[in-house]
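Descriptive structure summary
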Amino acid sequence: TNVLKLNKLEKQQIFPKTEEYDLGEQLCDCLLNYENVWENKNIEIETDIAEDVKVHADEELLSLVWNNLFSNAFKFTPEGGEIRVYIKEIKDYIEITIEDTGIGISKEDQEFIFKRFAQVEGNSATKSSSSGIGLTLVKYIADLHGGYIRLESEPGKGSKFTIGLPDIVQGNDNTSKNV
């Protein structure tokens, strides 16, 4: 599905359908889809998601972003680990961060992790259940929205993915809520 979506986006067969919607609500909904996973792996979830943070974006495409990032976080975080999700406003951007205490990504692998079909060598979890296209799709969708993605990671200590989206909706209220 990710490969088909990326191909259609690149060939401009899918155009973003932007509308204003509640980003915090979408993040919580996407995160709750993984509740069985975090309960089975005894993963602690920490959130700081502001209420009523509105974005003007394609809700369906951004749902792919969050689901890819959550899927990876849960896949690579060992039992008893932790995943943190938070939103904050930085200048003219809303930053969404998904951070885990998983296996991490080496500096060498970080250089190509957003390229098509990239997989981290020596990692059996990616070889068996990944197309290597998810993070390429995430980056493409962030770019398509005029945003960005940043990665901070260290092997054995986890990864932190931050997506920045332009804050073009005025009046965002920064009242936090937890999942």
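Thresholds applied
Residues numbered from 1 in each chain as written. Predicted model: local features only at pLDDT ≥ 70, side-chain atom pairs only at ≥ 80, totals over all residues. Heavy atoms only, no water. Phe/Tyr/Trp six-rings, centres within 6.5 Å; stacked < 30°, edge-to-face > 60°. Helix = DSSP H or I, 4+ residues; strand = E, 2+ residues; numbered from the N terminus. Buried < 20%, exposed > 50% of the residue type's maximum accessible area, 1.4 Å probe, protein only. Pairing = 2+ DSSP bridges.

Let us look at the packing of aromatic side chains. Under the criterion given, the structure shown has five aromatic pairs. For the pair W38 and F74, a centre-to-centre distance of 6.3 Å together with 20° between the ring planes defines the contact as stacked. Taken together, the residues span a long stretch of sequence, with W38 in helix α3 (residues 35–40) and F74 in helix α4 (residues 59–76) at a distance of 36 residues. In this pair, the class of W38 matches that of F74, namely buried. Ring-pair connections join several aromatic residues into one group, and the members of that group are Y34, W38, F70 and F74.

As a further point, take the pairing of strand β6 (residues 148–154). The alternating pattern of β6 places I149, L151 and S153 on a buried face and Y148, R150, E152 and E154 on a face that is not buried. Here seven bridges tie β6 to strand β7 (residues 158–166), and the two strands are oriented antiparallel to one another. Bridge pairing in β7 places L151 opposite F161. Between the end of β6 and the start of β7, which pair antiparallel, lie three residues, with G156 showing a positive phi angle near 80°.

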